[in-house]
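Fold and contact review
For reference, the chains in residue letters:
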Amino acid sequence: MTTPRYLDIHVLQTMPFANLNRDDLGSPKSLVYGGATRTRVSSQCWKRAVRLDVERAIGNRAVRTRRVPAEVADRLQARGWSEETALAAGAQVALSANKKEGLKLEDKGGTSVLLYLPEAALDALADLAAEHREAIEATAGVKKPKAVLPSEQVAKLLSERNGVINLFGRMLAELPGAGVDGVVQVAHAFTTHEVAPEIDFFTAVDDCLPEDAVGSGHMNSAEFSAGVFYRYASLDLAGLMENLGDDAAMARELTGEFLRAFVSSLPTGKQTSSAANTLPDLVHVAVRGDRPISFAAAFEAPIRPEHGIAAPSRRQLAHHAGRLEKLWGTSGVIHRGYACVDDKPLDGLGAQVESFTELIDGAVSAAHGERPA
């Protein structure tokens, strides 16, 4: 029997007038693909939305920040430490991070690199500082203090990981052994068709103007677009087990929560002015024993409207999947299925199920070598 190694998830999602992810000028991000300009949502943007949803589901938050010294200092001040001593303790966390030179601090007291660690590790770092309060107090006000915290313990706490870190990985070259290989690959989402952004001119009324005053209190413009997005991600199942030390129960939980988050998550950009709170039109999941396979090439030729874009996009995705199946074969496919708004079956995507919940449960069982009930 082929061993499950990868889980691919493909999503088609229709977004109305929105700007989920904008560039430095405030325009929707874009790319040119197949000679046509498409709207794009970066992988980093949608990945963050997924990550936060996974954190909420498992109840174990991680933080990515340069402010670890300040966060430790805040916790100690809440325990009654003076501001000077608390700040000295926060600086000691950075100075004691490794035996060589610690982590570099910037002018405002933050670390020169972003650290990524479970939120609970911040409390543990404050506890460690409290154990060495006397030594820290002796460094308060010193221009170039020496490290006084045990570097092995500080490094261990900064290297702690939780579910989302085991999924998405962590790069920290400054702290040997703290790096975690990410097991999730997320593609940039892009529209299956050509898109021309639209400019929305808007004004705001000043409610306290005199009665004889005319005009608006503010006027500006913003760019938005609409379209059908193809979204894709792949989860390295073997890598996840390795990151978790072969904890099969945790691997199963994280696989399920990742799939649920990828289906349901939405970036927050401009949502208060667009409320683009849609669900996917189609989700296809495949468990594979060979390698991840994206279907992005299905839309290299932009979809043309046929009573809309969504339905022809779904048909094209299914057609492309079927063609790849003939070219590549099915020996690496362990499980596949889809859930869709269409009643009529789509060939090429495996068995159709009624709901996203049923689709996810079946994929998780197949991904972890379990026979369906």
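Refer to the structure presented above.
Figured I'd write up the structure that's included with this text. The structure presented is a predicted model; accordingly, all values stated were derived computationally and were not measured.

1. Details of the overall build of the protein
Within the protein one finds 11 helices and 12 strands. Taken over the C-alpha atoms alone, the protein extends approximately 80 × 75 × 35 Å along its principal axes. Per-residue burial over the protein gives 47% buried out of 373 residues. Within the protein, counting contacts between residues at least 6 apart in sequence, those at least 24 apart form 74% of the total. For the protein, the accessible area works out to roughly 19,200 Å², and carbon and sulfur atoms hold 50% of it. Within the protein, the 48 negative side-chain charges are centred at a point lying 6 Å from the centre of the 40 positive side-chain charges.

2. Quick notes on the pattern of salt bridges
Any two side chains of opposite charge can pair, so long as their charged atoms come close to each other. Scanning the model with the defined rule gives 14 salt bridges in all. Residue Glu257 pairs with Arg260 through a salt bridge whose shortest N-O separation is 3.5 Å. Of this pair, Glu257 and Arg260 both sit in helix 9 (residues 248–264), 3 residues apart, which is roughly one turn of the helix. Residue Glu257 is classed as buried on the basis of its relative accessible area of 17%. With relative accessibility at 35%, the residue Arg260 sits in the partly exposed group.

3. Considering the nonpolar core
Membership of the largest hydrophobic core comes to 49 residues, with the highest contact counts inside it found for Leu7, Ile9, Leu167, Leu235 and Phe258. For Leu235, the contacting residues outside a window of four places in its chain are Arg5, Tyr6, Leu7, Leu167, Val183, Val184, Leu240, Thr255 and Phe258.

4. Observations regarding a negative patch on the surface
On the surface, Asp181, Glu242, Asp246 and Asp247 cluster together to form a negatively charged patch. Note on placement: Asp247 falls in the loop between helix 8 (237–243) and helix 9.

5. Re the pairing of strand 10 (residues 282–288)
Across the 7 residues that make up strand 10, a large majority, 7, are buried. Pairing analysis gives 7 bridges linking strand 1 (residues 6–18) to strand 10, with the strands arranged antiparallel. Paired with Leu12 across the two strands is Leu282, which belongs to strand 10. Across 7 bridges, strand 10 lies against strand 11 (residues 333–340) in antiparallel orientation. Bridging across to strand 11, Leu282 finds its partner in Cys340.

6. Examining the pairing of strand 3 (residues 36–41)
Consecutive residues of a regular strand have side chains that alternate between opposite faces of the sheet. Among the 6 residues of strand 3, 5 are classified as buried, and the element is accordingly described as predominantly covered. Sheet topology places strand 2 (residues 30–33) next to strand 3; 4 bridges connect them, and they run antiparallel. Residue Leu31 lies in a different strand from strand 3, and its bridge partner there is Arg38. The hairpin turn running from strand 2 into strand 3, its antiparallel successor, is 2 residues long, and Gly34 in that turn takes a positive phi close to 65 degrees. Sheet topology places strand 3 next to strand 7 (residues 189–191); 2 bridges connect them, and they run antiparallel. Counted as the bridge partner of Val41 is Ala189 from strand 7.

Criteria and thresholds
- Residues numbered from 1 in each chain as written.
- Predicted model: local features only at pLDDT ≥ 70, side-chain atom pairs only at ≥ 80, totals over all residues.
- Heavy atoms only, no water.
- Helix = DSSP H or I, 4+ residues; strand = E, 2+ residues; numbered from the N terminus.
- Buried < 20%, exposed > 50% of the residue type's maximum accessible area, 1.4 Å probe, protein only.
- Contact = heavy atoms within 4.5 Å.
- Areas by Shrake-Rupley, 256 points an atom, 1.4 Å probe, with all protein chains shown as cover.
- Lys, Arg positive; Asp, Glu negative; His and termini not counted.
- Charge placed at Lys NZ, Arg CZ, Asp CG, Glu CD.
- Salt bridge = Lys/Arg side-chain N within 4 Å of Asp/Glu carboxyl O.
- Core = buried A, V, L, I, M, F, W, Y, C linked by side-chain atoms within 4.5 Å.
- Patch = residues over 30% accessible without salt bridge, like charges linked within 9 Å, V, L, I, M, F, W, Y side chains within 5 Å.
- Pairing = 2+ DSSP bridges.

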